[in-house]
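Each chain is listed here by its residues.
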Amino acid sequence: MHERRQIQQRRALCAAVLAVALGAVSSDALGATATSSFTVTGTVTANCTISTAGINFTYDPVAANAGTNATATGTVTIACTKGSAPSIGLNNGLNAGLGPSGPRAMRLAATANYLGYDIYWPGTTTSWTTAAPFVPTAPASKAARTFNMDGVAFAGQDVAVGSYTDTVTATVNF
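Residues numbered from 1 in each chain as written. Predicted model: local features only at pLDDT ≥ 70, side-chain atom pairs only at ≥ 80, totals over all residues. Heavy atoms only, no water.

### What about the packing of aromatic side chains?
(1) Moving on: Applying the stated criterion across every chain yields a total of 4 aromatic pairs.
(2) Moving on: With 5.4 Å between their ring centres and 55° between their planes, Trp128 and Phe134 make a pair best called tilted.
(3) Moving on: Exposure remark for Phe134: the relative accessible area of 14% places this residue in the buried category.
(4) Moving on: An aromatic cluster of at least three residues, connected via ring pairs, comprises Trp121, Trp128, Phe134 and Phe147. (Phe/Tyr/Trp six-rings, centres within 6.5 Å; stacked < 30°, edge-to-face > 60°. Buried < 20%, exposed > 50% of the residue type's maximum accessible area, 1.4 Å probe, protein only.)

Dropping the structure here:
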């Protein structure tokens with residue numbers, strides 16, 4: 001019987017060794033790996049937003065006849081993608097060339113009365129138009145930047161009392 005037990009123990013031991021060996025072969029065969037690298041890309045597009053605060057003149061034709069232009073400022077604010085190249089153009093408004101002086105004109109309601117004016121680049125006397133847009137430096141961040149629109153209603157205009165208006169469109173190109 002002792003011999004029988006030894007045979008059973010040897011068989012059990014052989015079976016265990018065989019199971020471990022098969023397991024090792026099997027896990028090695030199934031544990032192989034392969035890899036693949038890939039590139040991640042992204043594109044940052046240029047973008048800008050624009051908003052404005054209008055210009056509001058108080059014009060006194062009597063003082064203006066003495067050579068005093070009426071001046072006022074408005075603002076244009078842009079927020080652009082860092083590193084973009086924006087330029088800001090202002091069209092000539094709805095009444096271009098109809099005033100007694102200046103390239104732009106405000107109109108008194110639905111009359112033939114006009115008050116001539118112009119808008120300049122910040123701190124200059126360069127007429128701000130779409131043909132001569134203001135080109136600020138490239139933005140260092142996406143933070144909004146505000147620029148003055150320097151307006152002048154020219155002296156010497158003999159105009160009627162009332163509220164004159166014009167609509168100018170500001171455009172940012174980037």
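After presenting the structure, the write-up continues.
### Considerations on the sheet that holds strand 6 (residues 145–153)
(1) Moving on: Taking strand neighbours across the sheet as the criterion, the 6 strands line up as 1-2-6-5-4-7 in an open arrangement whose pairing is antiparallel. Every interior strand has two partners, whereas the edge strands, strand 1 (48–53) and strand 7 (164–165), have only one. (Pairing = 2+ DSSP bridges. Helix = DSSP H or I, 4+ residues; strand = E, 2+ residues; numbered from the N terminus.)

### Re the nonpolar core
(1) Moving on: Ranked by size, the top nonpolar core spans 24 residues in total, and within it Phe57, Tyr59, Ile88 and Trp128 carry the most contacts.
(2) Moving on: Mapped by element, the contributors of at least two residues to this core are strand 2 (70–80), strand 3 (87–90), strand 4 (104–108), strand 5 (114–120) and strand 6.
(3) Moving on: Here this core takes 5 residues from strand 2, the largest share from any one element.
(4) Moving on: Those residues in contact with Phe57 that sit more than four places away from it in its chain are Ala70, Thr71, Ala72, Met106, Tyr117, Gly151, Val152 and Ala153. (Core = buried A, V, L, I, M, F, W, Y, C linked by side-chain atoms within 4.5 Å. Contact = heavy atoms within 4.5 Å.)

### Structural notes on the side chain of Ser84
(1) Moving on: Of note, Ser84 is situated in the loop between strand 2 and strand 3.
(2) Moving on: When neighbours within four sequence positions are excluded, Ser84 is seen to be in contact with Ala46, Cys48, Ala138 and Pro139.

### With respect to unusual backbone geometry
(1) Moving on: Here Ala109, not a glycine, exhibits a phi torsion of approximately 45°, which is positive.
(2) Moving on: Checked against the element boundaries, Ala109 lands in the loop between strand 4 and strand 5.
(3) Moving on: Note on Ala109: relative accessible area 60%, which makes it exposed.

### Digging into the state of the cysteines
In a disulfide, the sulfur atoms of two cysteines are covalently bonded to one another.
(1) Moving on: Applying the stated criterion across every chain yields a total of 1 disulfide.
(2) Moving on: Each disulfide pairs two cysteine sulfurs, and for Cys48 the partner residue is Cys80, the sulfurs being separated by 2.0 Å. A torsion of 120° about the S-S bond marks the disulfide between Cys48 and Cys80 as right-handed. Taken as a pair, Cys48 in strand 1 and Cys80 in strand 2 lie far apart in primary sequence, 32 residues in all.
(3) Moving on: Of the residues examined, Cys80 reaches a relative accessible area of 4% and is grouped as buried. (Disulfide = S-S within 2.5 Å.)

### Comments concerning the pattern of salt bridges
(1) Moving on: Scanning all chains against the criterion turns up 1 salt bridge.
(2) Moving on: Notably, a salt bridge pairs Arg104 with Asp118, separated by 2.6 Å at the nearest N-O pair. In this pair, Arg104 sits in strand 4 while Asp118 sits in strand 5, placing the two residues 14 residues apart along the sequence. The same class applies to Arg104 as to Asp118, namely buried. (Salt bridge = Lys/Arg side-chain N within 4 Å of Asp/Glu carboxyl O.)

### Examining the side chain of Asp118
(1) Moving on: For Asp118, a relative accessible area of 4% corresponds to the buried category.
(2) Moving on: Separated by 2.8 Å, the side chains of Asp118 and Ser127 make a polar contact.
(3) Moving on: Discounting chain neighbours no more than four positions away, the residues touching Asp118 are Pro103, Arg104, Ser127, Asp150, Gly151, Val152 and Phe154. (Polar contact = N/O pair within 3.5 Å; in protein donor to acceptor, adjacent residues only side chain to side chain.)

### Thoughts on the pairing of strand 5
(1) Moving on: With 7 of its 7 residues buried, strand 5 lies for the most part within the structure.
(2) Moving on: Here strand 5 shows a buried face lined by Tyr114, Gly116, Asp118 and Tyr120 and a second buried face lined by Leu115, Tyr117 and Ile119.
(3) Moving on: By the bridge criterion, 4 bridges tie strand 4 to strand 5 in an arrangement that is antiparallel. Looking at strand 5, one finds that Met106 is bridged to Leu115.

Take it as geometry only, folks, not as evidence of what the structure does.
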